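Letter by letter, the chains look like this.
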Amino acid sequence: MSVLDSTTTILASGVRLTVPLAFAACGEYIAERAGTMNISVEAMMLGAAFTSIATASATGSATVGLVAGVVTGLLLGFVHGNFSHRAQINTFVVGLVLNALVLGLTSYLITTNEFVSHQVHMLSIPLLQDIPLIGKPLFSERWPAFLLLALIPLTWWLVERSRWGLELRAVGENPQAADVTGIKVNMRRRQALLWCGALAGLGGAYLAVGEVGSFNQNMTAGRGYIVIAAVIFGAWRLGRTMLGCLVFGLSDAMRLALPALGVTLNAQLLVAAPYLLALLAMLLFTTQHREPGALGRPFERGST
Amino acid sequence: MSAASLTSGDEIARRFLARLRPGPGGWIATGLTVVLVAVAAGASALLLLLTGGSPSASAAAIWTGSLADATGWTTTLLNAAPLLLVAVGACICASAGTFNIGQEGQVLIGGLAGAWVGLRLALPGPMLVVMVLIAAAVGGGAWAALSALMLRLRGVNVPVSTLLMTFLAIQLVTFAVSTPWLQESAQGSSGIADAASNPLPANARLAGFGQYPSVQLNVGLFIALVAAVGVALVLSRSRWGFRVRMLGLNPLTAKHTGVRVAALGGFTLALSGAFAGLAGGLLLVSPVGTNRLQAGLSDNFGWDGLLVALVARNRPLVAIPVSLVFAVLRAGGDFLSATGVPYYLVDVVKALLVLAFVAPPVLIDLFSRRRGATPQAAPDMSVVPTKVKAAA
């Protein structure tokens, strides 16, 4: 295998590993801008991955499975939103419990059920896919991957240019001030979590019915936490968050590919890289006030 | 309250029940909890029925594996000790208003430090076990102290940093067990390094301390119980405990009354890590384990211990029975999986149980606010401020 070929292979697998992260990171980005440190993104991805395969297996259509995944994510976002931004249960508690619940439930159901594997079809852009080196990795993918091309700009526009996004950022930055100006703080946060759920669900479903075609126990294997790391690494800016996803996706691909190429590199270091980079990023960025001011803090009228 | 009044068994029981008793209007919460626990049990039974299992047979299997005989009790108590230690640690820092969710990693690092010391020091008899446990507590504490340091120096969100540090810990341990640090004979006959450290010397194993009547009690449980009672007393009776609770309830007040907020918050975080690390040390020197360090050593004890603290609403004494319930589920789950029902069922039950205990007070608070009544005091754990520093 030539160097060019192997580079293309690693790139292709890196991009494939990046896509689910990127979907979920768009969602997590919105949730965190609104001030929710949403750790149940792992549950959203895992739950969606499971229901997408289960639904695809029942209906025979991978696309319906994809939709079911999004609905699952929405549902979990709804649950998380109402628990932490209506009932005011600590958002980390809700996230931990949801993660444990979904992991247990999907693990239980996958060992007690048999599902037929389903996969959405490939979409290759003519001409562009023939570009050497980057053609195959970027322009020949399972079709939902191309939704990213619309979703990333949409997310950016929503947060940075729409009125809803302005209010969202206000809610994440200073909920007391936002409340005084008449913004319904907790409602905005719940809406952000719905978005987060839908997008994380899409990411999880893409992982299952897109790339793999089946579900196995703890399929996401901590990808949700990598998404959180990516948003932190991206200093709560969308572009850098996406870059973070790409870096983490590629490092994962390297970890899988390097042994085959005869290169010995510390696998644990590559697995740990996202978390390490996120921690370093937090250490660097916190003094630059990049972090939403009220990140992870609940809002109740009358409290400080 | 003098220590003498504690000698009366009735008094202890009365106070214990008083702790369990909810505050004013809390009987509704208790009722709601009972209903929700029933719902959780019903949902789990339904899940079993839908997947072709038998709820009664599964419940019987959990009973058989955990409480039916001496073997079951022994396993249950072995599970309870690390759970209780982790939970007690979580109670301390949650009382101070810091939310540590990285116990799983701190357990592992405790195991790593313990294994490192255990493989290096050649101490006679029980000295080695003691040193291993001390090293484990120091290791776990140091790992959590890193998060405290990040909060102190750069204001990094504690739940997030402890969570991320957990994944670092898993990789660090996976790496460490394959290196000469912990594996003298690094290569097996197949040329592939084992994914576990060398076994610790034979005297680095915690002996059971007697059969009562035929249940093997373990020293770990004793340590955990002492820790739970001790922490409960210190938190509720000592000046230091008062400062800790004040810090958790209102950091600003604490600051103005002269509490060194950052130092105390950081110390409680490190202390909670030390308890988790000690739990890791116990797992390492467990009388039934392999006495080797591996990435699977923590086996969800960190996560489960955190759930125990949540159910107990950060009260160390309440954590004792709760950790027993969780230990029953763990021990029973192992037996259950031998009967063909996946262990994961127990994970579902655990998560539902936590929801059933966490939800009622906040739901009642929510509805009373809806009705326009004066809001009750904030529930113990539901609005734990995540940033001590921000308020300081």
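Residues numbered from 1 in each chain as written. Chains lettered and ligands numbered in written order. Predicted model: local features only at pLDDT ≥ 70, side-chain atom pairs only at ≥ 80, totals over all residues.

Participant: An account of the overall build of chain A is requested, with residue identities and associated values reported.
Facilitator: Along its length, chain A carries 12 helices and two strands. For chain A, the α and β elements follow one another from N to C terminus as α-α-α-α-β-α-β-α-α-α-α-α-α-α. Rg of the C-alpha trace for chain A: 19 Å, near the compact-globule value of 19 Å for 304 residues, within the 12% margin. Overall size of chain A, expressed as C-alpha extent along the three principal axes, is 65 × 45 × 35 Å. Per-residue burial over chain A gives 55% buried out of 304 residues. Intrachain contacts of chain A at a sequence separation of at least 6 include 77% that bridge at least 24 residues. (Helix = DSSP H or I, 4+ residues; strand = E, 2+ residues; numbered from the N terminus. Rg over C-alpha atoms; globule rule 2.2 N^0.38 Å. Buried ≥ 20, exposed ≤ 12 C-beta atoms within 10 Å, placed from the backbone. Contact = placed C-beta atoms within 7 Å.)

Participant: Can you tell me about the overall build of chain B, naming the residues and giving the values?
Facilitator: In terms of regular secondary structure, chain B is built from 15 helices and two strands. Look at the contacts in chain B between residues 6 or more apart in sequence, and 75% of them connect residues 24 or more apart.

Participant: Give me the lowdown on the UniProt feature "transmembrane region" (unreviewed entry) in chain A, citing residues and values where you can.
Facilitator: In this numbering, the UniProt entry assigns the feature "transmembrane region" (unreviewed entry) to residues 48–79, 91–110, 143–159, 192–209, 221–239 and 260–285 of chain A. For residues 221–239 of chain A, helix accounts for 68% and strand for 0%, while the C-alpha atoms at its two ends are 25 Å apart. (UniProt positions renumbered as here; feature names shortened; annotations may be inferred.)

Participant: Help me get a handle on unusual backbone geometry, residues and values and all.
Facilitator: Backbone geometry at A235 of chain A places phi at a positive 50°, although glycine is not the residue there. A residue is classified by how many C-beta atoms lie within 10 Å of it, and A235 of chain A, with 17 of them, is partly exposed. One non-glycine residue with positive phi stands out, namely D299 of chain B, at about 45°. The residue D299 of chain B is located in the loop between helix 11 (261–284) and helix 12 (301–311) in this model.

Participant: How would you explain the UniProt feature "transmembrane region" (unreviewed entry) in chain B if you had to name every residue and give the values?
Facilitator: Residues and elements named next belong to chain B. Here the UniProt feature "transmembrane region" (unreviewed entry) sits at residues 25–50, 70–93, 129–151, 163–182, 215–236, 257–285 and 341–364. Overall, residues 129–151 shows 100% helix and 0% strand. The separation of its end C-alpha atoms is 33 Å. For residues 257–285, the helix share is 83%, the strand share is 0%, and the end-to-end C-alpha distance is 43 Å.

Participant: I'd love a proper account of the confidence of the model for chain B, names of residues and values included.
Facilitator: Residues and elements named next belong to chain B. Per-residue pLDDT for chain B has a mean of 84; in total, 84% of the residues score no lower than 70. Contacts for the low-pLDDT stretch residues 1–6, under 50 throughout, to residues beyond four places or in other chains number three contacts. This stretch, residues 186–191, has a pLDDT under 50; its non-local contacts, to residues over four places away or in other chains, come to six contacts. Across the interfaces of the predicted complex, the ipTM metric reaches 0.89, alongside a pTM of 0.88. (pLDDT = per-residue confidence, 0-100.)

Participant: Now, about the interface of chain B and chain A: what can you tell me, with residues and values included?
Facilitator: The partner chain A presents 39 residues to the 42 residues of chain B that form the contact. Elements with a contribution of two residues or more to the side of chain B that touches chain A: helix 6 (126–154), helix 7 (158–176), helix 12 and helix 14 (344–370) of chain B. Split by residue class, the side of chain B that touches chain A holds 30 nonpolar, eight polar and four charged. (Nonpolar A, V, L, I, M, F, W, Y, C, P; charged D, E, K, R; others polar.)

Participant: Quick rundown of helix 14 of chain B? Include the residues and the values.
Facilitator: All names here are of chain B. Given a rise of 1.5 Å per residue, 27 residues ought to cover 39 Å, and the 38 Å separating the end C-alpha atoms of helix 14 matches this to within 8%. At A359, helix 14 is bent by approximately 35°, the largest bend along its length, and proline P360 sits one to four residues beyond. Here helix 14 lies mainly inside the structure; 20 of its 27 residues are buried. (Expected span 1.5 Å × (residues − 1). Bend = angle between axes of the 7 residues up to and from the residue.)

Participant: Summarise the environment of P274 of chain A; cite the residues concerned and give the values.
Facilitator: Residues and elements named next belong to chain A. Tracing the backbone shows P274 in helix 12 (residues 267–285). Distance from P274 to F50, taken between C-alpha atoms, is 25 Å for residues 224 residues apart in sequence. Those residues within four positions of P274 in sequence are excluded, and the remaining contacts are I226, A229 and F248.

Participant: So what's going on with the environment of L345 of chain B? Which residues, and what values?
Facilitator: If you trace the backbone, L345 of chain B turns up in helix 14. On the basis of neighbour count, L345 of chain B is assigned to the buried category, with 27 C-beta atoms found within 10 Å. Once the C-alpha coordinates of L345 of chain B and T253 of chain B are considered, the two residues, 92 residues apart in sequence, prove to be 45 Å apart. Excluding its chain neighbours within four sequence positions, the residues that come into contact with L345 of chain B are Y108 of chain A together with S44, L48, S58 and L336 of chain B.

Participant: Describe the packing of helix 5 (residues 103–120) of chain B against helix 7 of chain B, listing the residues and the values that go with them.
Facilitator: All names here are of chain B. Relative orientation of the contacting elements helix 5 and helix 7 amounts to 30°, with a least axis distance of 8 Å. By the angle class used here, helix 5 and helix 7 are roughly parallel. Considering the relative orientation of helix 5 and helix 7, their crossing is left-handed. Contact residues: E104, G105, L108, I109 and L112 in helix 5; M165, T166, L168, A169, I170, V173 and A176 in helix 7. (Axes fitted to C-alpha atoms, helices over the stretch in contact; angles between N-to-C directions. Parallel < 35°, antiparallel > 145°, perpendicular 65-115°, else oblique. Left-handed = near helix turned anticlockwise from the far one by under 90°.)

Participant: Could you give an account of the packing of helix 8 (residues 219–237) of chain B against helix 9 (residues 239–249) of chain B, with specific residues and numbers?
Facilitator: Residues and elements named next belong to chain B. Contact geometry of helix 8 with helix 9 gives a least axis separation of 5 Å together with a crossing angle of 75°. Taken together, the axis directions place helix 8 and helix 9 in an arrangement best described as roughly perpendicular. Residues V234, L235, S236 and R237 of helix 8 pack against W240, G241, V244 and R245 of helix 9. Classifying every residue of the contact of helix 8 with helix 9 gives four nonpolar, two polar and two charged.

Participant: Kindly report on the environment of A205 of chain A, identifying the contributing residues and their values.
Facilitator: Residues and elements named next belong to chain A. The topology assignment puts A205 in helix 9 (residues 185–212). Residues A205 and L280, 75 residues apart in the sequence, show an inter-C-alpha distance of 31 Å. If near-sequence neighbours (up to four positions away) are discounted, A205 is found in contact with A48, A49, S52, G65, L66, G69 and V70.

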